[in-house]
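Secondary and tertiary structure notes
What follows is the residue order along each chain.
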Amino acid sequence: EDMATHVGASRTPQEVMEHYVSMYIHGNLGKACIPDTIPNRVTDHTCPSGGPLSPSLTTPLPPLDISVAEQQQLGYMPLRDDYEIEYDQDAETLISGLSVNYDDDDVEIELKRAHVDMYVRKLKERQRRKNIARDYNLVPAFLGKDKKDKEKTPKRKITKEEKELRLKLRPLYQFMSCKEFEDFFENMHKERILRAKIRELQRYRRNGITKMEESAEYEAARHKREKRKENKNIASSKRGKEDGKEGEFAAIENLPGFELLSDREKVLCSSLNLTPARYVTVKTIIIKDHLQKRQGIPSKSRLPSYLDKVLKKRILNFLTESGWISRDAS
């Protein structure tokens, strides 16, 4: 419009533009001066693949859905998705005083680059911690909201073995998201169920059962058989209690070394709640030490750690009364 005004009223702005394009761009002058392909003189220094200058390095996460009071409690600023106190709060001091000077030598330039690299690493760690807190719902857990969510969606009961396995695999949490880890343990739980089912089907096959209809009859018969066996054991234990001594030794009669004891030793082990094997060990050590002392040989044997003073005194008194060792030795 300014050029048309300068030329005069004989030319409209549209005619001026068309004349310029035809003469100076598409004409001979344009062909001689303007190259066919204009090179891009701007270098893209970003690293989309996750390098130190990746745009995704500090991409803000969606703001947390919490109340104003909870925001103040956390020191959280939702519009910035930021906290008043960040991880490594003084990280910016590394580069706050840096400046690029034209008279810097190579050592100073490398030192400044190292400071920038350290700062970028701290930014990455900040973002990683924010991602982990968001992924594992640490903020709702801190505010106590996760308990309400757990009540709404009850999950399956976690066994003791699975808890121990989760503790062992805890260092791997940083390499997997929360959902991936939960899926991993759910799949392991399904695997255990399937393995148990396979073992059950193999047991059916070994017993000649090839149809699921037959398995129901087999399970009913097995349940009756186990019930009879259980009733039989209860009846035998009752008879043992009625007989007296058998019921008295019921806690230790199936343990190794029980057949080596005399009736009085059985009563002693039962009253002391001591297993026959442990009693025989202590008895052997005490008698061996007694014989060595009678021969003038110093005894170097040590009694087991599970033998306290009360047990030791009771066993020594019993061995003395039974004539195994002399009263002086005890």
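Up top you'll find the structure we're talking about.
For clarity, every value in this text was computed on a predicted model and none was experimentally measured. Sequence order sets the numbering: in each chain, residues are counted from 1 along the sequence as written. Note on the predicted model: pLDDT of at least 70 is required for a residue's local features to be given, and 80 or more for side-chain atom pairs to be given and counted; whole-chain, interface and lining totals, by contrast, use all residues. Side-chain metrics rest on all non-hydrogen atoms present in the structure, leaving aside hydrogens and water.

1. Overview of a nonpolar patch on the surface
Rule in force here: Patch members must show over 30% relative accessible area and no salt bridge, and they are joined within 9 Å when carrying like charges or within 5 Å when they are nonpolar side chains of Val, Leu, Ile, Met, Phe, Trp or Tyr. Surface accessibility follows the Shrake-Rupley procedure with a 1.4 Å probe radius. Residue values consider only the protein chains on display as shielding. One side-chain nitrogen of Lys or Arg within 4 Å of one carboxyl oxygen of Asp or Glu is enough to make a salt bridge. Every helix listed is a DSSP run of H or I at least four residues long, and every strand listed is a run of E at least two residues long, numbered separately from the N terminus.
On the surface, Y20, M23, Y24, I25, L29, I34 and I38 cluster together to form a nonpolar patch covering roughly 690 Å² of accessible area. Within the element layout of this structure, L29 appears in helix α3 (residues 28–33).

2. Re the side chain of R166
Test applied: Whenever a nitrogen or oxygen atom comes within 3.5 Å of another N or O atom, the pair is scored as a polar contact, on the condition that within protein one atom can donate a hydrogen and the other can accept it, and that pairs from neighbouring residues in sequence are kept only if both atoms are in side chains. By definition, residues are in contact when any of their heavy atoms lie within 4.5 Å.
Structurally, the position occupied by R166 is in helix α8 (residues 160–168). Within the local environment of R166, its side chain forms a polar contact with the side chain of E182, the two groups lying 3.5 Å apart. Leave out the neighbours within four places in its chain, and R166 touches I158, Y173, E182 and F185.

3. Focus on unusual backbone geometry
At D88, a residue that is not glycine, the phi angle is positive and equals roughly 55 degrees. Following the sequence through the fold, D88 ends up in the loop between β2 (82–83) and α5 (106–135).

4. Focus on the pattern of salt bridges
For clarity, the threshold we go by: Exposure categories follow from relative accessible area, calculated using a 1.4 Å probe and restricted to protein chains: below 20% of the type maximum is buried, above 50% is exposed, and the middle band is partly exposed.
For the coordinates displayed, the defined rule picks out 18 salt bridges. Here E162 and R166 are joined by a salt bridge, their closest N and O atoms 3.2 Å apart. Taken together, the residues E162 and R166, both in helix α8 and four residues apart, mark about one turn of the helix. For the pair E162 and R166, one class covers both residues: buried. Put simply, K179 and D183 hold a salt bridge, and the shortest N to O gap is 3.1 Å. With K179 and D183 both in helix α9 (residues 178–206) and four residues apart, this pair spans about one turn of that helix. Residue class for K179 comes out exposed when judged on its relative accessible area of 58%. The class of D183 is partly exposed, set by a relative accessible area of 33%.

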